[in-house]
Amino acid sequence: MSEEVKLMKGNEAIARAAIRCGCDGYFGYPITPQSEVMETLMEEEPWKTTGMVVLQAESETSSINMVYGGACTGKKVMTSSSSPGVSLMQEGISYIACAELPCVVVNVMRGGPGLGTIQPSQADYFQTVKGGGHGDYKLIALAPSTVQEMADYTVKAFDLAFKYRTPVMLLADGAIGQMMEKVVLPEQRPRATEEEIRANCPWAIVGKPASRGRNVITSLALKSEEMEATNIKLQAKYREIEKNEVIVEMHNCEDADYIIVAFGLCARICQKTMEMAREKGLKVGVLRPITLWPFPTEEIKALANKCKGMLCVEMNAGQMVEDVRLAVNGKVDVQSFGRLGGIIPAPDEVLNALEKLVADNA
Amino acid sequence: MNNDIIKPENLVYTKTPVLNDNPMHYCPGCSHGVVHKLIAEVIEEMGIQEKTIGVAPVGCAVFAYNYLEIDWEQAAHGRAPALATAVKRLWPDRYVFTYQGDGDLAAIGTAETIHACNRGENITIIFINNGIYGMTGGQMAPTTLEGMKTATCPYGRNTAINGYPLNITKLVAELEGTRYVTRQSVHTVAAVQKAKKAIRKAFENSMEGKGTSFVEIVSTCNSGWKMSPAKSNEWMVENMFKAYPIGDLKDK
Amino acid sequence: MKEEIIIAGFGGQGVLSMGKILAYSGLLQGQEVSWMPSYGPEQRGGTANVTVILSDERISSPILNQYDTAIVLNQPSLDKFESTVKPGGVLIVDPHGLSRMPERTDIQVYSIDATEEATRTNNQKTLNMIILGGYLKIRPIVKIENVMAGLKKSLPERHHHLLPINEKAINMGMDLIKKIN
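Keep in mind it's a predicted model, so treat the numbers as computed, not measured.

A cluster of acidic residues, A:Glu275, A:Glu279, C:Asp56 and C:Glu57, forms a negative patch at the surface. Looking at the secondary structure, you find C:Asp56 in the loop between β3 (47–55) and β4 (67–72).

Another aspect to go through is the packing of aromatic side chains. All names here are of chain B. According to the stated counting rule, one finds 11 aromatic pairs over all chains in the structure shown. Both rings, one in tyrosine 26 and one in tyrosine 67, keep their centres 5.8 Å apart while their planes meet at 55°; by these two values the pair is tilted. Here the residue tyrosine 26 occupies a position in the segment before α1 (32–46), and tyrosine 67 occupies one in the loop between β1 (52–56) and β2 (71–74), the gap between them amounting to 41 residues. The exposure class assigned to tyrosine 26 is buried, which follows from its relative accessible area of 11%.

This paragraph deals with the domain arrangement of chain A. Residue and element names in this part refer to chain A. When the domains of chain A are assigned, the result is domain 1 (5–194) and domain 2 (249–360). Averaged C-alpha coordinates put domain 1 and domain 2 at centres separated by 27 Å. At the junction of the two partners, domain 1 supplies 30 residues and domain 2 supplies 25 residues. Taken together, both faces of the contact between domain 1 and domain 2 bury some 2200 Å²; the carbon and sulfur share is 57%. On the surface where domain 1 and domain 2 come into contact, there are three salt bridges. Between arginine 268 and glutamate 181 there is a salt bridge, and its shortest N-O distance comes to 2.7 Å. Counting the contacts that link domain 1 with domain 2 gives 16 residue pairs in polar contact (both at pLDDT 80 or more).

Bringing α1(B) into the picture now. Residue and element names in this part refer to chain B. For α1, built from 15 residues, the straight-helix expectation of 21 Å at 1.5 Å per residue is met to within 8% by its first-to-last C-alpha distance of 21 Å. Most of α1 is tucked away: 11 of the 15 residues are buried. Glycine 47 occupies a position one or two residues after α1 and carries a positive phi of about 65°.

Turning to the packing of helix α3 (residues 60–72) of chain A against helix α4 (residues 83–98) of chain A, a few remarks are in order. All names here are of chain A. Between α3 and α4, the shortest axis-to-axis distance is 8 Å and the interhelical angle comes to 25°. Classified by the interaxial angle, the pair formed by α3 and α4 is roughly parallel. At the point where α3 passes α4, the crossing takes the right-handed sense. Contact residues: Glu60, Thr61, Ser63, Ile64, Asn65, Val67 and Tyr68 in α3; Gly85, Leu88, Met89, Glu91, Gly92, Ile93, Tyr95 and Ile96 in α4.

This part covers the interface of chain A and chain C. Contacts between the two partners involve 29 residues from chain A and, on the opposite side, 27 residues from chain C. Among the residues of chain A in contact with chain C, A:Leu7, A:Met180 and A:Lys182 are the three that bury the most area, contributing 30% of the side total. Our count for the contact surface shared by chain A and chain C stands at three salt bridges. With a shortest N-O distance of 3.9 Å, A:Glu4 and C:Lys153 are connected by a salt bridge. Listed by contribution, the elements that provide at least two residues to the side of chain A that touches chain C are β1 (5–9), α7 (174–178), β8 (180–184), β10 (248–251), α10 (265–279) and α13 (347–360) of chain A. By residue number, the principal contributor to the side of chain A that touches chain C is α10(A), which donates six residues. Of the residues belonging to the side of chain A that touches chain C, the class tally is 13 nonpolar, six polar and 10 charged. The pairing of β8(A) with strand β2 (residues 32–37) of chain C spans two bridges and is classified as antiparallel. Directly across from A:Met180, in β2(C), lies its bridge partner C:Trp35.

By way of backbone hydrogen bonds, the strands of a sheet pair with one another, either parallel or antiparallel. Residue and element names in this part refer to chain A. Spatially, β3-β2-β4-β5-β7-β6-β13 is the arrangement adopted by the seven strands of the open sheet, whose pairing is mixed. Across the chains shown, the open sheet's two edge strands, defined by having one partner strand only, are β3 (53–56) and β13 (291–293). Neighbour-to-neighbour, the strand axes of the sheet open up by a mean angle of 20°, direction not taken into account. Two strands pair when backbone bridges link them, and strand β5 (residues 103–109) and strand β7 (residues 167–173) are joined in this way by seven bridges, in the parallel orientation. Note on β7: the bridge partner recorded for valine 105 is methionine 169. Packed onto the sheet, α3 meets β2 (25–28), β3, β4 (77–81) and β5 and runs at close to 165° relative to β4. Strand contacts of α4: β4, β5 and β7, with the helix running at about 160° to β5, the strand carrying the most contacts.

Below, the discussion takes up the sheet that holds β1(B). The eight strands lie next to each other as β9(A)-β2(B)-β1(B)-β3(B)-β4(B)-β8(B)-β7(B)-β9(B), forming an open sheet whose pairing is mixed. This sheet does not close on itself; its edge strands, each paired only once, are β9 (216–217) of chain A together with β9 (247–251) of chain B. Bridge count for β9(A) against β2(B) is two bridges, and the pairing is parallel. By the bridge assignment, A:Ile217 is partnered in β2(B) with B:Glu73. Lying over the sheet, α1(B) contacts β1, β3 (95–101), β4 (124–129) and β8 (212–218) of chain B, oriented at roughly 175° with respect to β3(B).

Residues and elements named next belong to chain C. Helix length check: helix α6 (residues 163–176) (14 residues) gives 20 Å between terminal C-alpha atoms against 20 Å at 1.5 Å per residue, within 8%. Of all the positions in α6, only Leu163, Asn166, Ala169, Ile170, Gly173 and Met174 are classed as buried. Taken down its axis, α6 places every buried residue within 145° of arc, on the same side. Of the residues in α6, the exposed ones pointing more than 90 degrees away from the buried face are Pro164, Lys168 and Asp175.

Conventions and cut-offs
- Residues numbered from 1 in each chain as written.
- Chains lettered and ligands numbered in written order.
- Predicted model: local features only at pLDDT ≥ 70, side-chain atom pairs only at ≥ 80, totals over all residues.
- Heavy atoms only, no water.
- Patch = residues over 30% accessible without salt bridge, like charges linked within 9 Å, V, L, I, M, F, W, Y side chains within 5 Å.
- Areas by Shrake-Rupley, 256 points an atom, 1.4 Å probe, with all protein chains shown as cover.
- Salt bridge = Lys/Arg side-chain N within 4 Å of Asp/Glu carboxyl O.
- Lys, Arg positive; Asp, Glu negative; His and termini not counted.
- Charge placed at Lys NZ, Arg CZ, Asp CG, Glu CD.
- Helix = DSSP H or I, 4+ residues; strand = E, 2+ residues; numbered from the N terminus.
- Phe/Tyr/Trp six-rings, centres within 6.5 Å; stacked < 30°, edge-to-face > 60°.
- Buried < 20%, exposed > 50% of the residue type's maximum accessible area, 1.4 Å probe, protein only.
- Domains from an automatic or database assignment.
- Contact = heavy atoms within 4.5 Å.
- Buried area = accessible area lost by both parts, 1.4 Å probe.
- Polar contact = N/O pair within 3.5 Å; in protein donor to acceptor, adjacent residues only side chain to side chain.
- Expected span 1.5 Å × (residues − 1).
- Axes fitted to C-alpha atoms, helices over the stretch in contact; angles between N-to-C directions.
- Parallel < 35°, antiparallel > 145°, perpendicular 65-115°, else oblique.
- Left-handed = near helix turned anticlockwise from the far one by under 90°.
- Nonpolar A, V, L, I, M, F, W, Y, C, P; charged D, E, K, R; others polar.
- Pairing = 2+ DSSP bridges.
- Arc of directions from axis to C-beta.

Dropping the structure here:
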């Protein structure tokens, strides 16, 4: 049954994958273009099958704090929202990161700033990878580009969240959330039992047995020395994640004179551009960071040594391009092309931008 | 001194082991310590130490987790009912309570309070109402009385500028989701005993699936109020009780 | 085989669900498929469109600026998408509600009086199936049995009694479509 191929929306794939991977709780608030996540869960009623809790909260503020409270219990919990809602969640995400709790936050991005538009965007890159809330913290950020990946990376997000006790962001956009493609859902995994939680998460809030002292989950340390120690520990963990967890996908980069760097949906559009460019005899490759943090700095650096230029394509005013430029460190020209406010760049527009890059570096 | 009288049979009082020996950071005369002790005693008497989970607020009671020997989560300002909602739904056989002050519960966390109560979450909310922000240094709270002076209404709360004292407990009692809503105090021995009964009842309710239990404790903040502890108690009886009368608001 | 289609019209004409049935049909015959809708308030009466791709190979971009086939059901959609059909490609229009007919001569233009037929048979909801039938007559990219199976999958069970009416509409569309240039 698990091999059955189904047609579904990206948002639906997230919900179904969450149930399948043994998620214990979802807490959310409706916002376009991601409401199908909670709608699918409410329709599926997983509390009757796996026992998963699904709750519509009164706000995104409340959702993320329910996730915080739930994550403390050692259970697999998640929320999903879209850009304005995720802005509201930033306080809670900072607390969760500091308290070193596992959880998954999905952002199906729409165009901002402000109330903006409900159309797809990638303008929350900075918010996601540079720390949208206060303090020195990082989120592991996974950027799916297909509906299948919406399912696969939901599962992967939980695995990473528990491996490192850290919040993981699934950063998609409205188009991937709304489009339908073929999906093979993951195998149904059982939810963790109380015994497993007690064994695997000794830090979890389960009720204090006589055999140990009280567990306290807090992000407060009034003494600066303690808070510095907390920060040093977090940073050490982040270095470990940077070393181990970079995921990157490359298409035709081996012989490429020009590299397009793009994530999520844009990476697929750029593959079309690559096909068009190759037909014209231009040696073009596409590098797609799947983890936006940790960022594939080394992979980009290596390509910068052998290509003539890079084009970073995003549905924003040029955010990831800053990280590409840091990686390239001046070795080659890095240009930026983006559409703003909810417009998806078309493959031929990208080709025009690419041809400008080629002309500038001929 | 003759120590011969220190014998088990002469024991008249012992501190519950649920309350540990950490020196409390609360000011002398503060109501928090008494309420902490009552919760600890209820937990011990009900034999639920291994099954109780507390959610601490932001405010003076942020450090409640240092004193009660149970598992604790510490919430962001005002969000304790959201955390408690998730904990109770994920661990339905645990006793889950929040411990919140007036700023936390009735200003920044009003939405979380109202909606947790309206959903009828099977949790206990302990609400310490002293009409002032203690931890940040005595600023105006939503429950600050008309005319009462604080650091941010130094000439007294003026309703034309600051609006009216918020009787959130009355509001919460109106909600279908609440089962038990009561207002108590801890300024006399008799009051302490009543408050303890109320807390116990609230904890017991949380296993019956019939809705939220909400226990307000009208309290003093002698440092914020700039009065001696004894004077604070008198002032509370004369003024606070008029705006916030003691007794059950709802018991169904 | 690769077919890149845009279907556009008013919300309520069944544009999105026509695309969905096509995508399901492709899925059932083992093709790669993508269904990319315009979404938002336009679903409730404004202009709606959906890009559907059926392909034997992995689909890179689900967003396109040129299409093998455009099916347009209102004037704003004709204005927007006539120019996006690849030279030699197919443009299908329902003349009902159009204030002008297509002007391009380097593409194959077809007309289908689907709205009129749906009105005549007093079954407005079959409009999109009549058009789908017409389209499949021109571009038989999926088998009718797969369309019917796809329809069955995309319709809730309580509506399965409508399957025969829909099949009839598909056949009607096949008869109605005519080349006009």
